[in-house]
Amino acid sequence: MKFKTLLFSSSVLLSSFVLFTNCTGNSKPSATTTKTTTTTTTEDTTVTKAGIAPIDTAKYDSLLVRLANGDTTGRWPVKKQPYPVAGAILPFKRVVAFYGNLFSKKMGILGELPPKEMLAKLKTEVKAWEKADPKTPVQPALHYIAVVAQGAAGSDGKYRYRMPFKQIDTVLSIAKRGNAIVFLDVQVSLSTIQTELPLLEKYLAMPNVHFGMDPEFSMKDGSKPGKKIGTFDAADINFASQYLAGLVKKYNLPPKMLVVHRFTRKMVTNYKNIKLRPEVQVVIDMDGWGEPDLKLGTYRNHIFPEPVQFTGFKLFYKNDLKKAPHHMLTPDEVLKYKPQPIYIQYQ
């Protein structure tokens, strides 16, 4: 496929910070311990956390088969994956998230609308997914870009801007009003996931906060963000997964979800080396925009053939309408995909 025909997540400049991003036109923990099993064993040795039932492994397996949606290639569901520790959201619920940043109306629906209006719209989308798939409860979420690739080098030459913690606090407050969980998303630019992730530990230590990492703006060759599409290797994803697993163990948390965005093959390299852990649920999210046939082709070419654990799908209120037939996919249409995405993001 020629470069110009690839499905792109678009880049814009934030007027306030001259930031690049893939958008437009993108408490305290409980104190208990948990043991886990994997699908290669028959005994469930999960210890119940306070107020959280252990994983029903038979139900977990049946839901994975349901998500495979009749796939006969043997890829889905992913074999020999570990059962999660108690309190897992996936695959028992589908996550429906609004993406963006409060500093810009151009980076996604999360920052485009006032909080009250935004939460009302999110509630409408949640109901739409519940209607399309009544058997799967929906968990609303806010997916906030906490580190944004930018056009200016900055004092350290890393071409990224770390959002102030007070804004993360605001997002957490808004999420609470909508009974939503929160994802903190990182665009490392010329920095690294190994540098940026630990800086968010005080938030990731909370049971309702999860993590996202965006290969599009991981510029390992030193290019400026927005000039070309970046990449993460399995080693980067494994670092994030291991770090999050450490937090789950340290703070006795339910599993963390780790969302990795993707819309080209090279955005994620050596996928077979990605390590799955009971403490972390990995979602490979189809992050590109375009007309329905192009989005489906990207999902089939880059998500379906390289199974990791769970899949996600991104819908763009504006960009998906740019080309004929000027139509954003509906929940019913997305649910026909193999496998069915269990994480849905709106921008």
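Residues numbered from 1 in each chain as written. Predicted model: local features only at pLDDT ≥ 70, side-chain atom pairs only at ≥ 80, totals over all residues. Heavy atoms only, no water.

**Student:** I tried to follow the overall build of the protein chain on my own but got confused; where do I start?
**Tutor:** Helix and strand counts for the protein chain stand at nine helices and 11 strands. Sorting the 347 residues of the protein chain into buried and exposed places 56% on the buried side. Of the roughly 14,500 Å² of accessible surface on the protein chain, a fraction of 55% belongs to carbon and sulfur atoms. (Helix = DSSP H or I, 4+ residues; strand = E, 2+ residues; numbered from the N terminus. Buried < 20%, exposed > 50% of the residue type's maximum accessible area, 1.4 Å probe, protein only. Areas by Shrake-Rupley, 256 points an atom, 1.4 Å probe, with all protein chains shown as cover.)

**Student:** Looking at this structure, how should I read the packing of aromatic side chains?
**Tutor:** The geometry of an aromatic ring pair is captured by two quantities: the separation of the ring centres and the angle between the planes. The full count for this structure, using the stated rule, is 11 aromatic pairs. Aromatic side chains Tyr299 and Phe313 sit 5.8 Å apart centroid to centroid with 65 degrees between the ring planes, which places their arrangement in the edge-to-face category. Residue Tyr299 is found in helix α8 (residues 292–303), and its partner Phe313 is found in strand β10 (residues 310–315); the two are separated by 14 residues along the sequence. Tyr299 sits in the buried class, given a relative accessible area of 1%. Cluster of aromatic residues (ring-pair linked, three or more members): Tyr60, Tyr83 and Phe92. Taking the ring centre of Tyr99 as reference, the NZ or CZ of Lys314 above it sits at 3.7 Å. Over the ring of Trp289 we find Lys322, and its NZ or CZ is 5.1 Å from the ring centre. (Phe/Tyr/Trp six-rings, centres within 6.5 Å; stacked < 30°, edge-to-face > 60°. Lys NZ or Arg CZ within 6 Å of the ring centre and 35° of its normal.)

**Student:** Looking at this structure, I do not really get the nonpolar core. What am I missing?
**Tutor:** Residues Leu142, Phe211 and Leu258 are the most contacted members of the largest nonpolar core, which totals 77 residues. Apart from residues no more than four positions distant in its own chain, Leu142 is found in contact with Phe98, Leu110, Met118, Leu122, Val171, Ile174, Ala175, Ala180, Ile181, Val182 and Phe183. The next biggest cluster of nonpolar side chains, apart from the first, holds 21 residues, and it includes Ile89, Ala97, Phe183 and Val283. (Core = buried A, V, L, I, M, F, W, Y, C linked by side-chain atoms within 4.5 Å. Contact = heavy atoms within 4.5 Å.)

**Student:** How should I be thinking about the side chain of Gln281 in this particular structure?
**Tutor:** As for its placement among the helices and strands, Gln281 is situated in strand β9 (residues 280–286). Using a relative accessible area of 1% as the deciding quantity, one classes Gln281 as buried. For Gln281, the side chain forms a polar contact with the main-chain oxygen of Leu90, separated by 2.6 Å. (Polar contact = N/O pair within 3.5 Å; in protein donor to acceptor, adjacent residues only side chain to side chain.)

**Student:** What am I meant to see in unusual backbone geometry here?
**Tutor:** Negative phi characterises most residues that are not glycine, and trans characterises most peptide bonds. Put simply, Ala324 and Pro325 share a cis peptide bond, and its omega is 10 degrees. Of note, Pro325 is situated in the loop between β10 and α9 (331–334). Here Lys338 and Pro339 are connected by a cis peptide whose omega angle stands at -10 degrees. Checked against the element boundaries, Pro339 lands in the loop between α9 and β11 (343–346).

**Student:** I tried to follow the pairing of strand β1 (residues 94–100) on my own but got confused; where do I start?
**Tutor:** With seven of seven residues buried, β1 is to be regarded as a mostly interior element. Both faces of β1 are covered, namely the face carrying Arg94, Val96, Phe98 and Gly100 and the face carrying Val95, Ala97 and Tyr99. By the bridge criterion, seven bridges tie β1 to strand β2 (residues 138–149) in an arrangement that is parallel. Its bridge partner lying in β2, Val95 is registered against Gln139. Of the pairings in the sheet, the one linking β1 to β11 comprises four bridges and is parallel in character. (Pairing = 2+ DSSP bridges.)

**Student:** Would you explain helix α7 (residues 234–251) in this entry?
**Tutor:** Residues three or four positions apart in an α-helix share a direction because the helix packs 3.6 residues into each turn. The first and last C-alpha atoms of α7 sit 25 Å apart over 18 residues, in line with the 26 Å expected at 1.5 Å per residue. Looking at α7, one finds that the buried residues are Ala234, Asp236, Ile237, Asn238, Ala240, Ser241, Tyr243, Leu244, Ala245, Leu247 and Val248. The N-cap residue of α7 is Asp233: its side-chain oxygen and the backbone nitrogen of Ala235 are 3.0 Å apart. Of the residues trailing α7, Asn252 is marked for its positive phi of about 55 degrees. (Expected span 1.5 Å × (residues − 1).)

Distances and angles like these do not, on their own, reveal function.
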